[in-house]
Amino acid sequence: MTKTLLVTGGCGFIGTNFIRYLLAKAPEVRIINLDKLTYAGNLANLADVCGNSRYRFIHGDICDAVLVERLFAEENPDALVHFAAESHVDRSIYGPEAFVQTNVVGTFVLLEAARNAWLGASAKDSARRFLHVSTDEVYGSLGPSGYFTEATPYDPRSPYSASKASADHLVSAYFHTYGLPAIITNCSNNYGPFQFPEKLMPLIINNALNGRELPVYGDGRNVRDWLYVEDHCAALRTVLSKGVPGETYNIGGHNEKQNIEIVTTICDLLDEMAPPLSAGRPRTTLIRFVTDRPGHDRRYAIDAGKIRRELGWRPQTSFQEGLRRTISWYLANDAWLKGVLDGTYQEYYETLYGGR
Ligand code: NAD
Ligand code: TYD
């Protein structure tokens, strides 16, 4: 039986990977992708699937209640997978308003539309799912030991994580108050193809390819738990089919790395995989320690025991393999990279890194 999924933010990094993953692996699924095409959304990411009869793109804003309600009425989706967000911490520090608008108000609009469409007398159907894709950053910052579990109290520190935490609370409230069959996933840092070069890995790959300085915030010893994006996509598919409404599932790679280790590893791999810099200069010489990010969370690390025990998911891609695949993708997709590095990006880069 065909299942219709309404996906929001499907032209961004994880959404693109998720749609491509499902079109390849889940023939029973039809996907409606609602995306505003902000700077982070790129129609070209999915150009090759545009003609697929199992895929429909809608250009629009999740804050547009009339449009969202019309889509629920027209498409009668079985599930919603909600990726659409402003997602970059540094941008949230310079301009928090868009984060509150899209991440909080936009999520509220989707919740209301789902409640109206799904909880009416005739539409009640326990198979429906509102899958809210969130982040481990809602839990705040860890010291040198310990892990985030689903029971860790929320303690967001950046406007980004505060807006995602607010959205998570709304989703949880709609489950408890209205019985909306909602599930929240909180995932660690993703990496892989199609990631916009404002985030650490693609920014470092792009700069290192072009012989530009590699900005490392503070002492470079902040820790993130890296997960290859395809493993996140597999986790979300598992949660959609086996997850229990009202539950939260943490998703992570058990793969903690200090930022400086990520940057030096990328430099070494690019020296091996890409044309050398002039005079064979090693790319690690491009590293520059720059002024730290305000409120920079020190360490994130996920305990993914619940999703492993209860739903049987575990990551499949080793860090070595995932990083090589990621770098190979950026090397083979130079045109994609050039396409997203337009004038707006240069302005952003200058604002963030110019005087640092
Ligand atoms: P992204 O910034 O790459 O993409 C966001 C997408 O949402 C873009 O296509 C953009 O056009 C779209 N969008 C933004 N505002 C919109 C609006 N008002 N209406 C409709 N579409 C809108 O983000 P990502 O890295 O793919 O992250 C996707 C989701 O996963 C986010 O909710 C993020 O919080 C969460 N998440 C990301 C990571 C990560 O490492 N990237 C980790 C955990 C959770
Ligand atoms: P980022 O990719 O922005 O993800 P998040 O802040 O959501 O975890 O950053 C990952 C880590 O890399 C974070 O500790 C900040 C650091 N970082 C740098 O050192 N330099 C950079 O230019 C960027 C973008 C990030």
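You'll find the structure just up there.
In this text, all values refer to a predicted model and were calculated from it rather than measured experimentally. Residue positions are given per chain, counted from 1 along the sequence in the order it is written. Chain labels run from A onward and ligand labels from 1 onward, assigned in the order the entries are written. Reporting of local features is limited, given that this is a predicted model, to residues whose pLDDT is at least 70; pairs of side-chain atoms are given and counted only at 80 or more, and all residues count toward the totals for whole chains, interfaces and linings. Just so you know, side-chain values use all the structure's heavy atoms and leave hydrogens and water out.

Engineer: Explain the sheet that holds strand β6 (residues 182-187) here, please?
Structural biologist: Hydrogen bonding along the main chain pairs the strands of a sheet, whether they run parallel or antiparallel. A strand pair is defined by DSSP finding two or more bridges across the two strands. Numbering of helices and strands runs from the N terminus, with a helix taken as a DSSP run of H or I at least four residues long and a strand as a DSSP run of E at least two residues long. What the seven strands build is an open sheet, ordered β3-β2-β1-β4-β5-β6-β11; its pairing is parallel. The open sheet is flanked by β3 (55-59) and β11 (248-251), the only strands paired with a single partner. Along the sheet, successive strands turn relative to each other by an average axial angle of 20 degrees, direction set aside. Across six bridges, strand β5 (residues 129-135) lies against β6 in parallel orientation. Fitting a line to C-alpha atoms yields each axis, with helices limited to the stretch in contact; the angle taken between N-to-C directions then spans 0 to 180 degrees.

Engineer: Which parts of the structure should I look at to understand the site of ligand 1?
Structural biologist: The environment of ligand 1 is formed by 28 residues, the closest being I14, D35, S87, Y160 and K164. The definition of a polar contact used here is a pair of N or O atoms within 3.5 Å, where within protein one atom must be able to donate a hydrogen and the other to accept one, and adjacent residues in sequence count solely through side-chain atom pairs. Between ligand 1 and the protein, one listed contact pairs an oxygen atom with a backbone N or O atom of I14 at 2.8 Å. Within the side chain of K164, one N or O atom sits 2.6 Å away from an oxygen atom of ligand 1. Relative to its unbound accessible surface of 840 Å², ligand 1 loses 97% to contact with the protein. Contributions of two or more residues to the shell around ligand 1 are made by α1 (13-25), β5 and α5 (159-178). By the convention adopted, Pro, Cys, Tyr, Trp, Phe, Met, Ile, Leu, Val and Ala count as nonpolar, Lys, Arg, Asp and Glu as charged, and the other residues, Gly among them, as polar. Split by residue class, the shell around ligand 1 holds twelve nonpolar, twelve polar and four charged. We call a residue near a molecule or strand as soon as one heavy atom of that residue lies within 4 Å of the molecule or strand. Values of accessible area rely on a 1.4 Å probe in the Shrake-Rupley scheme; residue burial ignores everything except the protein chains shown.

Engineer: How should the packing of aromatic side chains be read in this particular structure?
Structural biologist: Aromatic rings in a pair are described by how distant their centres are and how their planes are angled relative to each other. Working definition: rings of Phe, Tyr and Trp (its six-membered ring) pair if their centres are within 6.5 Å, and the pair is stacked with planes under 30 degrees apart, edge-to-face with planes over 60 apart, and tilted otherwise. In the structure shown here, the tally under the stated rule is 21 aromatic pairs. Measuring from ring centre to ring centre gives 4.7 Å for F194 and W329, while their planes differ by 50 degrees; the resulting arrangement is tilted. Of this pair, F194 sits in the loop between β7 (190-191) and α6 (200-209) while W329 sits in helix α10 (residues 319-332), and the two are 135 residues apart along the sequence. We call a residue buried when its accessible area falls under 20% of the maximum for its residue type, exposed when it is over 50%, and partly exposed in between, using a 1.4 Å probe and counting protein chains only. You can call F194 buried: its relative accessible area is 12%. With a centroid separation of 5.9 Å and an interplanar angle of 70 degrees, the aromatic rings of F196 and Y345 are classed as edge-to-face. With F196 in the loop between β7 and α6 and Y345 in helix α12 (residues 343-353), the pair connects residues that are 149 residues apart, well separated along the chain. Residues F196 and Y345 agree in their burial class; the two are buried.

Engineer: Quick question: what am I supposed to make of the pairing of strand β8 (residues 214-217) here?
Structural biologist: Here β8 shows no split at all, with L214 and V216 on one side and P215 and Y217 on the other all buried. Sheet topology places β8 next to strand β13 (residues 287-290); four bridges connect them, and they run parallel. Following the sheet pairing, P215 is matched in β13 by R288.

Engineer: Can you walk me through the site of ligand 2 in this structure?
Structural biologist: Close to ligand 2 lie 18 residues, the nearest being E137, R224, R293, H296 and Y353. Within the contact set of ligand 2, an oxygen atom lies 2.7 Å away from a side-chain nitrogen or oxygen of R224. For ligand 2, an oxygen atom lies 2.7 Å from a polar atom in the side chain of H296. Out of a free accessible area of 510 Å², ligand 2 has 98% covered by protein chains. Elements with a minimum of two residues in the shell around ligand 2: α6 and β8. Split into classes, the residues belonging to the shell around ligand 2 amount to eight nonpolar, five polar and five charged.

Engineer: What should I look at first to understand the packing of helix α4 (residues 97-118) against α5 in this one?
Structural biologist: If you want to describe how two helices pack, look at the angle between their axes and the distance between the axes. Where α4 meets α5, the axes come as close as 8 Å, and the angle between the chain directions of the two elements is 15 degrees. On the basis of their axis angle, the class for α4 and α5 is roughly parallel. In this structure, α4 crosses over α5, and the sense of that crossing is right-handed. Here F99, V100, N103, V104, T107, F108, L111, E112 and R115 of α4 lie close against α5, whose contacting residues are Y160, S163, K164, S166, A167, L170, V171, Y174 and Y178. Of the residues assigned to the contact of α4 with α5, the class counts are eleven nonpolar, four polar and three charged. Comment on the angle field: the value is read as roughly parallel under 35 degrees, roughly antiparallel over 145, roughly perpendicular from 65 to 115, and oblique elsewhere. Two helices crossing with the near one rotated counterclockwise from the far one by less than a right angle form a left-handed crossing, whereas a clockwise rotation gives a right-handed crossing. Every residue pair with non-hydrogen atoms within 4.5 Å of one another is taken to be in contact.

Engineer: Mind showing me how you'd approach the pairing of strand β4 (residues 79-82) here?
Structural biologist: Within a regular beta strand, the side chains point alternately toward one face of the sheet and then the other, so they alternate between its two faces. Residue alternation in β4 divides its side chains into two sets, A79 and V81 and L80 and H82, and both sets are buried. Pairing of strand β1 (residues 3-8) with β4, which is carried by four bridges, proceeds in the parallel orientation. Each bridged residue has a counterpart across the sheet, and for L6 the counterpart in β4 is L80. Two strands pair when backbone bridges link them, and β4 and β5 are joined in this way by four bridges, in the parallel orientation. Note on β5: the bridge partner recorded for H82 is H132.

Remember, this is a structural readout, not a statement about activity or role.
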